[in-house]
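Residues per chain, in single letters:
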Amino acid sequence: GWFWLVIALLLCVKEDLSIFVLFFGVYLMLGREFRHGVALVVVGIAWYELVTGVFMPDISGGPYLYWTYGQLGHNLPSALWGAVSAPWRIFTIGFSPAQKARTIIALLAPFLFLSLGSRLFILALPLLAERFLSTNMNFWTTHFHYSLALSPVLAMAAADALANASRLVG
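Draft legend 1. A look at helix α4 (residues 76-85). Residues Leu 76, Ser 78, Ala 79 and Gly 82 constitute the buried set of α4. Looking straight down α4, one finds that the buried residues subtend no more than 165 degrees of arc, so they occupy a single side. Residues of α4 that are exposed and point more than 90 degrees away from the buried face comprise Trp 81 and Val 84.

Draft legend 2. Structural detail: the pattern of salt bridges. Under the criterion given, the structure shown has 2 salt bridges. In this structure, the salt-bridge partner of Lys 14 is Asp 16, at a minimum N-O distance of 3.0 Å. With its nearest N and O atoms 3.9 Å apart, the salt bridge here joins Glu 130 to Lys 14. Here Lys 14 lies in the loop between α1 (2-11) and α2 (17-30) and Glu 130 lies in helix α7 (residues 125-132), a separation of 116 residues in the sequence. We classify Lys 14 as partly exposed; its relative accessible area is 41%.

Draft legend 3. Layout of the nonpolar core. The biggest cluster of nonpolar side chains holds 31 residues, and the ones touching the most others in it are Phe 24, Tyr 27, Leu 123, Ala 124, Leu 128, Leu 150 and Leu 154. Counting residues per element, the ones that place at least two in this core are α1, α2, α6 (98-108), α7 and α8 (150-169). Looking at this core element by element, the count peaks at 6 residues for α2. Leave out the neighbours within four places in its chain, and Leu 123 touches Phe 20, Phe 23, Phe 24, Tyr 27 and Val 153.

Draft legend 4. Expanded view of unusual backbone geometry. Across the junction of Ser 96 and Pro 97, the peptide omega takes the value 10 degrees, indicating a cis bond. Positionally, Pro 97 belongs in the loop between α5 (88-94) and α6. Positive phi values are uncommon outside glycine, yet Leu 112 reaches one of about 55 degrees. Following the sequence through the fold, Leu 112 ends up in the loop between α6 and α7. Owing to a relative accessible area of 65%, Leu 112 belongs among the exposed residues under this scheme. One non-glycine residue, Phe 113, lies in the positive phi region at around 60 degrees. Looking at the secondary structure, you find Phe 113 in the loop between α6 and α7. Residue Phe 113 is classed as partly exposed on the basis of its relative accessible area of 38%.

Rules used throughout
- Residues numbered from 1 in each chain as written.
- Predicted model: local features only at pLDDT ≥ 70, side-chain atom pairs only at ≥ 80, totals over all residues.
- Heavy atoms only, no water.
- Buried < 20%, exposed > 50% of the residue type's maximum accessible area, 1.4 Å probe, protein only.
- Helix = DSSP H or I, 4+ residues; strand = E, 2+ residues; numbered from the N terminus.
- Arc of directions from axis to C-beta.
- Salt bridge = Lys/Arg side-chain N within 4 Å of Asp/Glu carboxyl O.
- Core = buried A, V, L, I, M, F, W, Y, C linked by side-chain atoms within 4.5 Å.
- Contact = heavy atoms within 4.5 Å.

Below, the structure is given as structure tokens:
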């Protein structure tokens, strides 16, 4: 009960956190928690489509205007298809211009890049993709608040990777 309450509250924060919920489902499935994992994937996709396709247009009186990923597609399904059909574009868009690479290094370096060694890093992927696949240049720098949601995930992933490494050594 508490699990689903927290997920529901998270989904009420911002429409893009539904993609985070989807990746949380993937994380759980990789940990062999298939029932909750599949449910979260379905809830994440359904909620995103409902909020951006119905709720926000009804409230604003117009279409959803916050899509800044035109290099990948005109909406989330077309962007996902673009990523699947040409996965190398994720890297070419995500690391160019060089400011994006510098910001990614600035995010990972304080944690000694340990975050990359944890399964929890999966939870950082949608937050990173949201920033670095966007055409909004403000997302690419360290000057704004956009690292706030990502930093705790990177810290937890680094701690997990360090714990895993210490178990292997000791």
